[in-house]
Amino acid sequence: MVRHQYRKIQGIVGDASFSLVLPKQFALNLGIGKGDFVKVYQQDNRIIIEKAD
């Protein structure tokens, strides 16, 4: 089931990055924790975030 939440971009980090805060439950569902690496890529008009292997 796809659940949607609207989030505001939190700010600019350096010259080339934005930060985004994920809902805690989304991160927990993916098994993502502090210090973990994620894969981020764009697919059409979507940003996909996956836990890195």
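Note that the coordinates shown come from a computational prediction; the quantities given were computed from them, not determined experimentally. (Residues numbered from 1 in each chain as written. Predicted model: local features only at pLDDT ≥ 70, side-chain atom pairs only at ≥ 80, totals over all residues. Heavy atoms only, no water.)

### Quick notes on the layout of surface pockets
Taking a probe equal in size to a water molecule and rolling it over the atoms shows the remaining empty space. Stated formally: Here a cavity means grid points, on a 1 Å grid over the protein atoms only, where a 1.4 Å probe fits yet cannot get out; a pocket means an open set of points with protein on both sides within 12 Å along at least five of seven lines; lining residues are those with an atom within 4 Å of a point. Grid points are joined across faces, edges and corners, and a volume is the space filled by probe spheres set on the points. Helix and strand labels come from DSSP, where a helix needs a run of H or I of at least four residues and a strand needs a run of E of at least two; each type is numbered from the N terminus. Following the grouping adopted for this structure description, the nonpolar residues are Ala, Val, Leu, Ile, Met, Phe, Trp, Tyr, Cys and Pro, the charged ones are Asp, Glu, Lys and Arg, and the polar ones are all others, Gly among them.
Approximately 1200 Å³ is the volume found for the largest pocket. Lining the largest pocket are 24 residues; nearest its centre among them are Leu20, Leu22, Phe26, Ile47 and Ile49. If you list the elements that add at least two residues to the lining of the largest pocket, you get strand S2 (17-19), helix H1 (24-30), strand S3 (38-43) and strand S4 (46-51). With four residues, S4 is the largest single contributor of residues to the lining of the largest pocket. Here the lining of the largest pocket is composed, by residue class, of 16 nonpolar, five polar and three charged.

### What about the confidence of the model for the protein chain?
Definition in use: The pLDDT score gives, residue by residue, the confidence of the prediction method on a 0 to 100 scale.
With 96% of its residues at a pLDDT of 70 or more, the protein chain has an overall mean of 85. Looking over the protein chain, one finds the lowest element-wise mean pLDDT in strand S1 (residues 11-13), namely 78, and the highest in S3, namely 93.

### Overview of the pairing of S3
To be explicit about the condition: A strand pair is defined by DSSP finding two or more bridges across the two strands.
Here S3 runs beside S4; their pairing, made up of six bridges, is antiparallel. When the sheet's bridge partners are listed, Val40 is paired in S4 with Ile49. Taking the residues between adjacent antiparallel strands as the criterion, S3 and S4 are bridged by two residues, where Asp44 takes a positive phi near 55°.

### With respect to a nonpolar patch on the surface
As a reminder, the rule being used: For patches, a residue must show more than 30% relative accessible area and have no salt bridge; joins then use 9 Å for like charges and 5 Å for nonpolar side chains, namely Val, Leu, Ile, Met, Phe, Trp and Tyr. Methods summary: accessible areas were calculated by the Shrake-Rupley approach with a probe of 1.4 Å, and residue burial reflects only the protein chains presented. Should a side-chain nitrogen of Lys or Arg be within 4 Å of a carboxyl oxygen of Asp or Glu, the pair is scored as a salt bridge. Using a 1.4 Å probe on the protein chains alone, a residue whose accessible area is under 20% of its type maximum counts as buried, one over 50% counts as exposed, and one in between counts as partly exposed.
Together, Ile9, Ile12, Phe18, Leu20 and Leu22 make up a nonpolar patch on the protein surface, roughly 520 Å² of accessible area in all. Locating Ile12 in the fold gives a position in strand S1. By relative accessible area, which is 62% here, Ile12 ends up exposed.

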